[in-house]
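Below, each chain spelled out in residue letters.
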Amino acid sequence: MTAAPELGAFFVFILLLLFPPPPLRAEEPGDTRDAARVRSAPAPVMDVARLCVCDLLVAQCDVNCCCDPDCSAEDFSLFTTCSVPVVIGDRQLCSQKAAVYSLDVEANPPERIFKLIDQVNPSIFCIHATNYKQALYLKTPEIPTPENFDQLLEKYGGASFRAEPDSWDLDTDVQNPPEANETSRYEYGAPVQTEDAFLRLPSPVVSSWCSDANPAGFLVNQATKCIRSVSVEKCDSIQALSMLFYINSSILAVPKSSQMVNITVQSIVVQSVNGMRTLLSSSDVLRLPMVLDELCINAVLGVKYHITHTDMGEIIEAAAAFVLGAISKEELSIEQSFEISFTQENTQPVALSGNPGYVVGLPVRAGFQPQGSGIIQSSNKHSQLTILHSTSTQDCLAAQGARAPVLFGYNMISGCKLRITAAMKCQPLAQTLLDVLKGQSFPEYVASFGNSQAQDVLDWVPITQLHISEQSSCQIPVSLGIEVKWTKYGSLVNPQARIVNVTATITTTTLKQLPSGRERIIPITSSVVFTDISAPAEPSYKAWPTINIKLPFDFFYPFV
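Residue positions within a chain follow its written sequence, with the count starting from 1. The model is predicted, so local features are restricted to residues of pLDDT at least 70 and side-chain atom pairs to those at 80 or more, both for listing and for counting; the totals for chains, interfaces and linings are taken over all residues. Heavy atoms throughout the structure, all of them, feed into the side-chain values; hydrogens and water do not.

K.L.:
Mind showing me how you'd approach the confidence of the model for the protein here?
P.N.:
Detailed reading of the predicted model is not advised wherever pLDDT is low. Within a predicted model, pLDDT stands for the predictor's per-residue confidence, ranging from 0 to 100. With 85% of its residues at a pLDDT of at least 70, the protein reaches an overall mean of 81. What counts as a helix is a DSSP run of H or I of at least four residues, what counts as a strand is a run of E of at least two, and both are numbered from the N terminus. Within the protein, no element has a lower average pLDDT than strand β1 (residues 25-27), which sits at 42, and none a higher one than strand β20 (residues 445-447), at 95. Every residue in residues 1-9 scores below 50 in pLDDT, and together they form three contacts with partners more than four places removed in sequence or on other chains. Contacts between residues were defined by any pair of non-hydrogen atoms, one from each residue, lying within 4.5 Å. In this model residues 12-19 is a low-confidence stretch, pLDDT under 50, and it forms nine contacts with partners more than four residues away in sequence or in other chains.

K.L.:
Help me understand unusual backbone geometry in this model?
P.N.:
Glycine aside, the phi torsion of most residues is negative, and most peptide linkages are trans. Residue Pro-109 is reached from Asn-108 by a cis peptide bond, and omega for that bond is 0°. With respect to the element layout, Pro-109 can be found in the loop between β3 (95-104) and β4 (111-120). Look at the link from Asn-355 to Pro-356: it is a cis peptide, with omega at 0°. With respect to the secondary-structure elements, Pro-356 resides in the loop between β15 (333-344) and β16 (366-367). Although it is not a glycine, Asn-64 adopts a positive phi angle of roughly 60°. Considering the arrangement of structural elements, one finds Asn-64 in the loop between β1 and α2 (73-77). The phi torsion at Lys-256 lies on the positive side, around 60°, for a residue other than glycine. Tracing the backbone shows Lys-256 in the loop between β8 (251-252) and β9 (260-261).

K.L.:
I would appreciate a short explanation of the environment of Asp-47 in the present structure.
P.N.:
Relative to the assigned elements, Asp-47 resides in the loop between β1 and α2. Classification of Asp-47 by relative accessible area gives partly exposed; the value is 38%. For the pair Asp-47 and Ile-88, spaced 41 residues apart in the sequence, the C-alpha separation amounts to 9.5 Å. Only protein chains enter the accessibility calculation, which uses a 1.4 Å probe. A residue is then buried if its area is under 20% of the maximum for its type, exposed if over 50%, and partly exposed in between.

K.L.:
Any chance you could explain the sheet that holds strand β19 (residues 412-421) here in plain terms?
P.N.:
Sheet strands line up and pair through hydrogen bonds in the backbone, either parallel or antiparallel. Any two strands are treated as partners once DSSP identifies two or more bridges connecting them. Overall, mixed pairing links the seven strands, which are arranged β16-β20-β21-β23-β22-β24-β19 in an open sheet. Both edges of this open sheet fall to β16 and β19, since each of them pairs with a single strand only. Sheet topology places β16 next to β20; two bridges connect them, and they run antiparallel. Looking at β20, one finds that Gly-367 is bridged to Tyr-445. Across the face of the sheet, helix α5 (residues 426-438) comes into contact with β19, β21 (460-468), β22 (475-489), β23 (496-510) and β24 (519-532) while running at roughly 25° to β22. Inter-axis angles, ranging from 0 to 180 degrees, are taken between N-to-C directions of lines fitted to C-alpha atoms, where helices are fitted over the stretch in contact.

So this is what it looks like as structure tokens:
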């Protein structure tokens, strides 16, 4: 779908404000002076002079029904009022035909007065031009026959099809100003325009089959997978399998501009039939699909777009990374993957865990805050907030470097076993176990939202560290418990997950001196618990505005 209908409605609204429709004008039923009206005025679906909603009796005159064709002049002379004084065809049109009925009681005998007028719709949200005439009538669908079956199959046999008519009866007398469609930058969600249409990001629509009519939205990171029907014999003629289909159209730097940004090939990865992938050293040469030994080679299996833009919403660079593969003759369909990401120039991309709230299953973002600086994060989002990762040997000393990321919404527990001998010293052992539980660098802050920025320190929650120990000379840590409290934030329709508190509790135990030659096994555990502390949802409304009335000091002069 495109944004053309929405822009067209906006321009029609502007034209209505600048050039309002003509005022009411009465005319007789036989008046044909409006036969040459502007073509933008829609032709009425029905003749309002023949419409009558109060005509209930067949071949009989209904009392006080001034539009009843069965009533004669004698019947009208006995009416006291018109039950339906105005009959309108389509109330959504800006300019409407209306049949007005009234009674002239001063005449002798009283008679009915009929007028056909042009009535202006006072609403600003009205239909100014009905350029799709097929929508005004009930169209009989085509019934498949042996003669038209191939034509209908070609038109409607795909996963999607266009519902618009072949030609639009646009109003040529009213032209949109050329500068009305122009804008100096892209806005969030606006389709990324190319020289011929828009940047396509194939995706499944109704079924899992690929539809090439999905536009890529500006600053909207997307990742889609869909199925494409293929034929090895025709692989060189299927556009969606060729690299040219995804890079042959240049992107407009800003909408409706003449400045073009070419899509460059960033990398090419070739995948064999058994799934092994190889990165090509050179991506300058395009590899087009071709048939070789009953295989379709160089077929596009995946595309990743990377768009670089300025802070003013202008696209300055576009690159595409391809995954090419081979298709055997037995395969009738393949799965293609597509992805697009956006990065602002002179910035490093940071992986998010939600926008804005956390998404269940994504890593909890964490980092440090040096003196007088923002939050510093690890480039690997899976190593920011971690716990001990259990191994098959269950040996704590061997599992010192094995870590597992803390995933939002997932309660986890892991552990290992520590074999203690009489020769082990207390202080080195305690430090080693602390490194096993917390890792080499335990973070200080956790992002409250999945998209919290590093420079916004107030959007980060400090981690509260607690220690539970006994009174003794030798204490060793045996467990680390992380509790993450979160709440639902924002609208009731689409609440967002927000972290409000994080507590890390270290529990220690007393290490008693063992006799020579004796051993002891101590379990070491790590756990993460997510607790929802959301209050019951209640709808809230804005308070009524207060009016502060102040009168001048001499308002009641000379009475007071």
